[in-house]
Amino acid sequence: MADTILEARDVVYSYSRKGPRVLDGMCVKIDKGVKTAVLGSNGAGKSTLFSVLNALYKPQSGTVLYKGEPLSYRHKGVIRMRSEVSILFQNPNDMMFKPYVEQDVAYGPENMKLPKDEVDKRVEEALFTVGMEEYRKSPIMKLSYGQRKRVTLAGVLAMKPSVLIMDEPTAGLDPQMAYEVMEIAEQLHSSGVTVVMSSHDTDLVYSWADEIRVLGGGRCVYSGPPEDFYRDRAEVQKAGLMPPSVFSINEALSKSGAFPMEPLPRTRAQLSVKISGKGDAYGKMHVILAEPETDVPGTIVSAGLEGISTGVCGISARMAAESSGFKADFPYNGPENCVSKCMTGQDSVLICDPAMLGVAESSVRFIEANGYGSIEADVVNPGLSDRSPFRRRTGRAIRAACPIATFSNHFRTSMRSEWFSTNRLKCDLFRRKRSGDFWIAFVSIYRGSIV
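Residues numbered from 1 in each chain as written. Predicted model: local features only at pLDDT ≥ 70, side-chain atom pairs only at ≥ 80, totals over all residues. Heavy atoms only, no water.

With that out of the way, let us pick up the overall build of the protein. Secondary structure summary: the protein contains 18 helices and 19 strands in total. Partitioning the intrachain contacts of the protein with sequence separation of at least 6 by distance along the chain shows that 68% fall at a separation of at least 24. (Helix = DSSP H or I, 4+ residues; strand = E, 2+ residues; numbered from the N terminus. Contact = heavy atoms within 4.5 Å.)

Here it is, written out as structure tokens:
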């Protein structure tokens, strides 16, 4: 049984004394190493819950525990907890402190007092991961909403946290980048990071999450595997949600007598193989484990795999493909697309980060475990060691310890300064002063701490 790393016990929180309770007796557990998705309709309290779990908001009553210990809301206690827990907010403007992309991504690593070479390396890796390497020198103000969201994600990735909370990470992103974000979340999980996310995209979440927490009326109304929740249509509708398309199609076909409800597929490739039934002429999936310096075209040629459809999966695999000028046929969602190609009787080649090998073989295992045939997965270079960027996690997540502020337009142009003025702050750690109709807060950022 997994250890509980974050927990809310009977938490009550409202944004004003006379306002409604956004969290009303909230009880939620987040287990270490378990991919957890928090679902709920708009206003269900997902973002508020994340802020409470990260000690940005202090509940009026109830207890928040981290690693089994109640949170201390003293300055040192909060900083200590946030050194291990990072949060990525839905609105990227809440997390930007510097005027240029590379400065903003480097902000956290620089506060960790890392050598300049290491900072530059982390910035380069993080920007490449989110597809923003070409915008390294660009001003933040000239980026679109989706581009800013990628930059804030890069800033969090550069910190290499041990626990990452992601609030609507795919909202406002194009479909390809949404798949890449889910791939990043999977790779972080593979490297030992506990990942928690909220999302309205039930299809993406269903294919990723081990467990879900469903919020409604300020409480957690369901906690457990997603399949059990989606079986109860009344509860799904009550929560303001819709079942994933894969689940709905599988359920409809089983009711029509096409096949039994079980086993429950999580992805489109798994559903496709269940619909098609047992196959005897599946193709072979050749897996090339790739480090950043791997010569992808050369490896393909030496293995005699030219002319076969290719996919990419994982950070180091993408870096290898980019550095060697290789263009894959399936640049995103590579494992599922390669499995789908094999189902047609054709071979496929998957360029894979070593840390993502288990993920790449998940649909292959589904096919074999349920008697639908066998897709042979041939690892071309099995002796390759795993030096994935996210296997190396060191240092303190100073960025997570910094205030999350929403700056007014008047002060956005003064982001170079260490002192900022704003009329709204999402943190209760500052000294505040009443002035007219606004709260004026003075924030000093010195070596990653609030003073």
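A few words now on the sheet that holds strand β4 (residues 61–66). Two orientations exist for strands paired in a sheet by backbone hydrogen bonds: parallel and antiparallel. Strand order across the open sheet formed by 4 strands is β2-β1-β4-β5, with antiparallel pairing between neighbours. Taken across any chain shown, the strands that pair with only one partner, and hence form the sheet edges, are β2 (23–31) and β5 (69–70). Judged from the 7 bridges that link them, strand β1 (residues 4–13) and β2 form a sheet pairing that is antiparallel. By the bridge assignment, Ala 8 is partnered in β2 with Val 28. Against the sheet, helix α1 (residues 46–53) contacts β1, β2 and β4, and its axis sits at roughly 115 degrees relative to β1. (Pairing = 2+ DSSP bridges. Axes fitted to C-alpha atoms, helices over the stretch in contact; angles between N-to-C directions.)

What follows is about the packing of helix α11 (residues 268–276) against helix α16 (residues 362–369). Closest axis-to-axis distance for the α11/α16 pair is 10 Å, and the angle between their directions is 25 degrees. With respect to α16, the axis of α11 lies roughly parallel. Handedness of the crossing formed by α11 with α16: right-handed. Contacts from Ala 269, Gln 270 and Val 273 of α11 reach α16 at Ser 362, Ser 363, Phe 366 and Ile 367. A breakdown of the residues in the contact of α11 with α16 according to their chemical character gives 4 nonpolar, 3 polar and no charged. (Parallel < 35°, antiparallel > 145°, perpendicular 65-115°, else oblique. Left-handed = near helix turned anticlockwise from the far one by under 90°. Nonpolar A, V, L, I, M, F, W, Y, C, P; charged D, E, K, R; others polar.)

So, about the pattern of salt bridges. All chains considered together, the criterion is met by 17 salt bridges. When the shortest N-O distance is used, the salt bridge between Glu 227 and Arg 266 registers 2.6 Å. In this pair, Glu 227 is assigned in helix α8 (residues 226–231) and Arg 266 in the loop between α10 (245–255) and α11, connecting sequence segments 39 residues apart. Accessibility assignment for this pair places Glu 227 and Arg 266 in one class, buried. Overlapping salt bridges bring together Glu 102, Arg 136 and Lys 137 as one network. (Salt bridge = Lys/Arg side-chain N within 4 Å of Asp/Glu carboxyl O. Buried < 20%, exposed > 50% of the residue type's maximum accessible area, 1.4 Å probe, protein only.)

This part covers the nonpolar core. One finds Val 105 and Phe 229 to be the most contacted residues of the largest nonpolar core, which totals 83 residues. By residue number, the principal contributor to this core is helix α6 (residues 175–190), which donates 7 residues. Once residues within four sequence positions are removed from consideration, Val 105 is found in contact with Val 123, Ala 126, Leu 127, Val 151, Ala 154, Gly 155 and Ala 158. Membership of the second largest hydrophobic core comes to 20 residues, among which are Leu 289, Val 339, Phe 366 and Tyr 372. (Core = buried A, V, L, I, M, F, W, Y, C linked by side-chain atoms within 4.5 Å.)

Let us look at the confidence of the model for the protein. For the protein, the average pLDDT comes to 82, and 84% of its residues sit at 70 or higher. pLDDT under 50 marks residues 385–451. Its contacts with residues more than four places away, or in other chains, come to 162 contacts. (pLDDT = per-residue confidence, 0-100.)

What α10 keeps buried is the set Val 246, Phe 247, Asn 250, Glu 251 and Ser 254. Along the axis of α10, the buried positions cluster into a sector of 125 degrees, meaning they face one direction only. Of the surrounding secondary structure, the elements contacted by the buried residues of α10 are α7 (202–208), α8, α9 (233–238) and α11. Where α10 terminates, the next one or two residues include Gly 257, which has phi positive at roughly 90 degrees. (Arc of directions from axis to C-beta.)

Judged by side-chain charge, Glu 124, Glu 133, Glu 134 and Glu 322 come together as a negatively charged surface patch. If you trace the backbone, Glu 322 turns up in helix α13 (residues 315–323). Residue Glu 322 is classed as partly exposed on the basis of its relative accessible area, which comes to 48%. (Patch = residues over 30% accessible without salt bridge, like charges linked within 9 Å, V, L, I, M, F, W, Y side chains within 5 Å. Areas by Shrake-Rupley, 256 points an atom, 1.4 Å probe, with all protein chains shown as cover. Lys, Arg positive; Asp, Glu negative; His and termini not counted. Charge placed at Lys NZ, Arg CZ, Asp CG, Glu CD.)

The element strand β7 (residues 163–167) is largely enclosed, with a buried count of 5 among its 5 residues. Here β7 shows no split at all, with Val 163, Ile 165 and Asp 167 on one side and Leu 164 and Met 166 on the other all buried. For strand β6 (residues 85–88) and β7, the ladder comprises 4 bridges, and the chain directions are parallel. Directly across from Ser 86, in β7, lies its bridge partner Leu 164. Sheet analysis places β7 next to strand β8 (residues 194–198), joined by 5 bridges and oriented parallel. Its bridge partner lying in β8, Val 163 is registered against Thr 194. Crossover connection from β7 via α6 to parallel β8: handedness right-handed. (Right-handed = clockwise from strand over helix to strand, strands pointing away.)

Moving on, we come to the sheet that holds strand β13 (residues 348–352). Spatially, 4 strands are ordered β12-β13-β11-β14 in an open sheet, and the strand pairing comes out parallel. Each edge of the sheet is formed by a strand with only one pairing partner; in this case those strands are β12 (309–313) and β14 (377–379). Averaged over all neighbouring strand pairs, the angle between strand axes comes to 25 degrees, with direction disregarded. Alignment of strand β11 (residues 285–289) against β14, held across 3 bridges, turns out to be parallel. Across the sheet, His 286 pairs through a bridge with Asp 378, a residue of β14. Docked against the sheet, helix α14 (residues 334–343) engages β11, β12 and β13, running at close to 165 degrees with respect to β13.

Turning our attention to α14. Two residues of an α-helix separated by three or four positions point the same way, owing to the 3.6 residues in each turn. Residues Gly 334, Pro 335, Glu 336, Cys 338, Val 339 and Cys 342 constitute the buried set of α14. Of the surrounding secondary structure, the elements contacted by the buried residues of α14 are α11, β11, β12, β13, α15 (357–360) and α16.

The subject of this paragraph is the environment of Glu 133. Its place among the elements puts Glu 133 in the loop between α4 (116–129) and α5 (145–157). Sequence spacing of Glu 133 and Val 123 is 10 residues, and the spatial spacing of their C-alpha atoms is 9.0 Å. The contact partners of Glu 133, leaving out residues within four places of it in the chain, are Leu 127 and Phe 128.

This part covers unusual backbone geometry. When glycine is set aside, most residues are seen to have a negative phi, and most peptide bonds are trans. Note that the residue after Glu 262, namely Pro 263, is joined by a cis bond; omega there is -5 degrees. Of note, Ala 55 is a non-glycine position whose phi angle comes to about 65 degrees, a positive value. With a relative accessible area of 2%, Ala 55 lands in the buried category. Despite not being glycine, Lys 160 has its phi angle at roughly 50 degrees, a positive value. Residue placement: Lys 160 occurs in the loop between α5 and β7. By relative accessible area, which is 7% here, Lys 160 ends up buried.

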